[in-house]
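Examining the three-dimensional arrangement
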Protein chains: 2
Amino acid sequence: MSPPFTIQPGPRPQIRIEEVAKRARVSPATVSRVVNGRGKYSAETRERVLAAIDELGYVPNTAARSLAQGKTGVLGLLLPNISTEFISSLVRAIAASAAEAGYDVLLSVRPEAPARRLVGRHNTDGVLIFGHYVHEADLQQLIHQKCPAVLMYQSSPADVPLPSVIIKNASGARAIVGHLIEAHARRRIAFLHGVSESEDSTTRAEGYREALAEHGIAVDPRLMRRGFDAREARAATLAWVREGADFDAIFAWCDHAAAGAMEALRAAGKRVPVEVSVVGFDDAPSARHLEPALTTVRAPTDGVGYRAVQALVDLIQTGKAERRIELPTELIVRRSCGCDL
Amino acid sequence: MSPPFTIQPGPRPQIRIEEVAKRARVSPATVSRVVNGRGKYSAETRERVLAAIDELGYVPNTAARSLAQGKTGVLGLLLPNISTEFISSLVRAIAASAAEAGYDVLLSVRPEAPARRLVGRHNTDGVLIFGHYVHEADLQQLIHQKCPAVLMYQSSPADVPLPSVIIKNASGARAIVGHLIEAHARRRIAFLHGVSESEDSTTRAEGYREALAEHGIAVDPRLMRRGFDAREARAATLAWVREGADFDAIFAWCDHAAAGAMEALRAAGKRVPVEVSVVGFDDAPSARHLEPALTTVRAPTDGVGYRAVQALVDLIQTGKAERRIELPTELIVRRSCGCDL
C-alpha cells in the first residue's frame with residue numbers, strides 16, 4: 001500500500017497580485033481590471049496578464065472579488081434530496097443550462113441547512129428553489145433581501161410574487177384520466193396521491209376530479225389513497241385489493257408510484273392492463289421499461305430546468321423576469337392503459 | 001398574463017451584526033462567535049442569538065467569513081459535461097455523501113473554465129476531479145497551492161501524488177471477456193474502446209488483451225475500433241458488418257456503446273446473442289432494460305462518489321488521505337452474452 005497523501009501544515013502559499021503585475025509589466029490595478037473584466041485594457045495587455053497568471057499559478061481571490069463586485073458566477077440550487085431519477089434529470093438540465101449561461105451551480109441538498117445559508121449574497125448570485133421545500137417566511141425574506149430567486153414546480157404564494165416555472169399538471173391529469181374513460185371504458189379509477197404540500201400532487205388530483213366530473217362519474221373517496229413513492233403505492237394498492245375495493249384502473253400521481261402499484265397488482269395476481277389499467281405521470285426514463293410499458297404524461301423536466309435558469313439569469317442581469325411560466329404536458333400512450341393489446 | 005416580477009434597483013438591504021447583537025442583548029463579538037461556531041458561549045446565549053438572527057433575517061456574510069476562516073463548507077466538483085446517465089448517478093452519489101458530511105457541492109461543468117477558477121481557496125474547501133479532465137500542470141498547481149483535491153476514475157500521475165479513487169477495470173474486463181470465451185466459446189471478440197485519454201477505457205483494453213492472451217487468442221487489431229458513445233459504436237459496428245469482418249462477440253468499453261452496437265447489429269439483421277454476443281461495462285441503470293438484457297460489469301458509481309467525498313473530507317479536516325483507493329467490480333450476467341437461452 002502506498003503511504004497516505006498528506007498536505008503539509010501551514011498556510012497555503014499565495015501568489016500576490018503584485019508578482020503577476022511585475023511579470024506582465026503592468027500595474028496591479030491593470031491585473032485587477034483584466035481579472036474582473038472591468039475597465040479598459042488592450043487585447044495585448046490582456047494576453048500578457050493571462051500568460052503571467054498561468055505561469056505563476058495566480059488564483060484570483062474570488063471571495064474578495066465577490067465582496068467588491070457582488071457577483072459570484074454561481075447559481076444556488078436548493079433540493080430536499082437527490083435520491084430520485086427525476087431529481088437527477090432536473091439537476092442535469094439545470095447544470096447544463098447554467099453552464100451555457102456561464103454559471104456554476106451550488107447544490108445544497110441539506111434539508112437541515114436554512115435557506116439563508118445558501119443565499120448569503122456572497123455565495124451565489126441567486127437561487128433556484130425546488131418544490132415546497134422552503135417556507136413562505138423564508139421566501140418573503142428573499143424578496144426583502146432583494147435576492148434573485150425562482151421557484152420550480154411550485155406557484156409563488158399570492159403575497160410572495162417570485163417568478164415560478166410550473167407544468168400544466170391539471171390538464172395533463174385530465175387528459176390521461178379522460179383517456180382511461182373514453183378509450184378503455186374505465187369508470188372505477190383509483191388515484192394515488194403524493195404529499196399534501198406538493199403542488200404537483202394537488203393539481204394532478206384536481207385534474208383527476210375534473211375529468212371524472214366531465215364524464216359524470218362521482219369521486220369515490222375510498223379510491224383515493226396516499227402513494228407518495230413506490231413503497232407507499234405498493235402498500236396502498238395491496239390494501240385496496242385486501243379490502244375488495246371495486247376499481248378497474250389506477251392513476252398514480254408519479255411514475256414511481258405507478259411502478260409500485262403495478263408490482264402490488266402482480267403480487268396479488270391481478271393482470272395489468274387486462275383487469276386493471278395503471279397509468280402514471282412524469283414520463284421518467286424508466287417508464288418505458290416497465291412491463292407493460294407505462295402510459296403516462298410527459299412533464300418536460302429539461303424544459304423546467306432550462307426556463308428556470310433563464311428566468312433567474314434574467315433576474316440577476318436585468319432585475320426583471322416573467323412572473324409565471326407554465327409548460328405544457330403531453331399524454332404518452334403505451335400499453336399499461338390497455339392500448340395496443 | 002401577470003406583470004413581470006422585478007427587483008427594485010439599489011443595494012440589497014443589509015441587517016447588520018450590531019442589530020442582531022442588540023436584539024439578543026449580547027455583544028457583536030458574541031454573535032460572531034455563535035455564527036462561526038467558535039470560542040465560548042452558553043447554550044442559552046446561542047439560543048438567543050439564533051432567535052434574533054431568525055427574527056431579523058440576518059444573513060451572515062459568508063464571503064467575509066470565508067476570508068477570515070478559510071472555510072466555505074463547499075466541495076467543488078469538476079465535470080467535463082453532465083450529459084450521461086452515468087455522470088448523473090455520480091453527481092447524485094457525491095451530493096448525497098457531501099450532504100451527510102455537512103458540505104454543499106459546487107458543480108462546475110464548464111469545460112472552458114480553468115480549474116483554478118473553481119479552486120480559488122475562498123470558493124471551496126477542496127475539489128473532486130472527474131477523469132482526465134484537468135491537465136497535469138493544473139494538478140501540480142493544486143498541490144503547490146495546498147488545495148485538497150481527489151481524483152476519480154483516474155490514477156494520479158507519478159509526480160502528482162494526489163489521492164485517487166478508481167475501479168478495478170482490468171480485472172472486470174478480464175472476467176467478462178473470459179466469460180465469453182469459456183461459457184460461450186467465443187474467440188473472435190471485437191472491442192469498442194473509448195477516447196485514448198480515458199483511463200477507464202485504456203485499462204479495460206488491457207484486461208481485454210490479457211483475457212485473450214490467457215486463452216491463447218491473438219489480438220486482431222482489425223477488431224479494435226473506437227466507439228466512445230452509442231453513436232460512434234453504431235457506426236463502428238456497421239463498418240465491421242459492411243467489411244465482412246469475422247467476429248462472434250463485441251465487448252464495448254461502456255454500456256452506452258454496447259447499446260449502440262446492439263442497435264447496429266439489429267439494423268444489419270444479425271441476431272444478438274445467437275449470432276453475436278454483446279457485452280458492456282458499468283451496469284448503467286438502462287443496461288437491464290436493453291433487449292436482450294445486457295451482460296456487463298458493475299462499476300460501483302455510488303461507491304466511488306462516497307469514497308471520494310470521504311477522502312476529500314479527510315484531507316480537508318486532517319491534511320491526510322489514503323493515496324489510492326481501488327474498488328472491486330463485479331460480473332453481471334444477463335442474456336446478451338448468450339446465457340439463459
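Owing to the predicted nature of the structure, the values given are computational and were not obtained by experimental measurement.

1. A word on the pairing of strand β13 (residues 324-327) of chain A
All names here are of chain A. Going residue by residue along β13, you find I325 and L327 tucked away on one face and R324 and E326 left uncovered on the opposite face. With 4 bridges connecting them, strand β6 (residues 164-167) and β13 associate as parallel partners. By the bridge assignment, I167 is partnered in β13 with L327.

2. Concerning the domain arrangement of chain A
Quoted interface sizes are often the accessible area lost when the parts come together. Residues and elements named next belong to chain A. According to the domain assignment, chain A contains domain 1 (17-60), domain 2 (74-167 + 301-327) and domain 3 (169-299). Averaged C-alpha coordinates put domain 2 and domain 3 at centres separated by 30 Å. Domain 2 puts 10 residues into the contact, and the matching count from domain 3 is 13 residues. Interface area, domain 2 with domain 3, both sides summed: about 930 Å², of which 49% is carbon and sulfur. Counting across the domain 2 and domain 3 interface gives 0 salt bridges. Applying the counting rule to domain 2 against domain 3 returns 3 residue pairs in polar contact (both at pLDDT 80 or more). Its residues placed into classes, the side of domain 2 that touches domain 3 shows 4 nonpolar, 5 polar and 1 charged.

3. Details of the packing of aromatic side chains
Summed over all chains, the structure comprises 14 aromatic pairs over all chains. Relative to A:Y153, the ring of A:F86 has its centre 5.3 Å away and its plane inclined at 65 degrees; by these criteria the two rings are edge-to-face. Taken together, the residues span a long stretch of sequence, with A:F86 in helix α5 (residues 85-100) and A:Y153 in the loop between β5 (149-152) and β6 at a distance of 67 residues. Like A:F86, the residue A:Y153 is buried in the burial classification. The interplanar angle of 55 degrees and the centroid separation of 6.2 Å between the aromatic rings of B:F86 and B:F130 together place this pair among those described as tilted. Pair noted here: B:F86 is in helix α5 (residues 85-100) and B:F130 is in strand β4 (residues 126-130), with a separation of 44 residues, a long-range link. Residue B:F86 shares its accessibility class with B:F130, and that shared class is buried. Taken together, the aromatic side chains of A:F86, A:F130 and A:Y153 make up a single cluster linked through ring pairs.

Parameters at a glance
Residues numbered from 1 in each chain as written. Chains lettered and ligands numbered in written order. Predicted model: local features only at pLDDT ≥ 70, side-chain atom pairs only at ≥ 80, totals over all residues. Heavy atoms only, no water. Buried < 20%, exposed > 50% of the residue type's maximum accessible area, 1.4 Å probe, protein only. Helix = DSSP H or I, 4+ residues; strand = E, 2+ residues; numbered from the N terminus. Pairing = 2+ DSSP bridges. Domains from an automatic or database assignment. Contact = heavy atoms within 4.5 Å. Buried area = accessible area lost by both parts, 1.4 Å probe. Salt bridge = Lys/Arg side-chain N within 4 Å of Asp/Glu carboxyl O. Polar contact = N/O pair within 3.5 Å; in protein donor to acceptor, adjacent residues only side chain to side chain. Nonpolar A, V, L, I, M, F, W, Y, C, P; charged D, E, K, R; others polar. Phe/Tyr/Trp six-rings, centres within 6.5 Å; stacked < 30°, edge-to-face > 60°.

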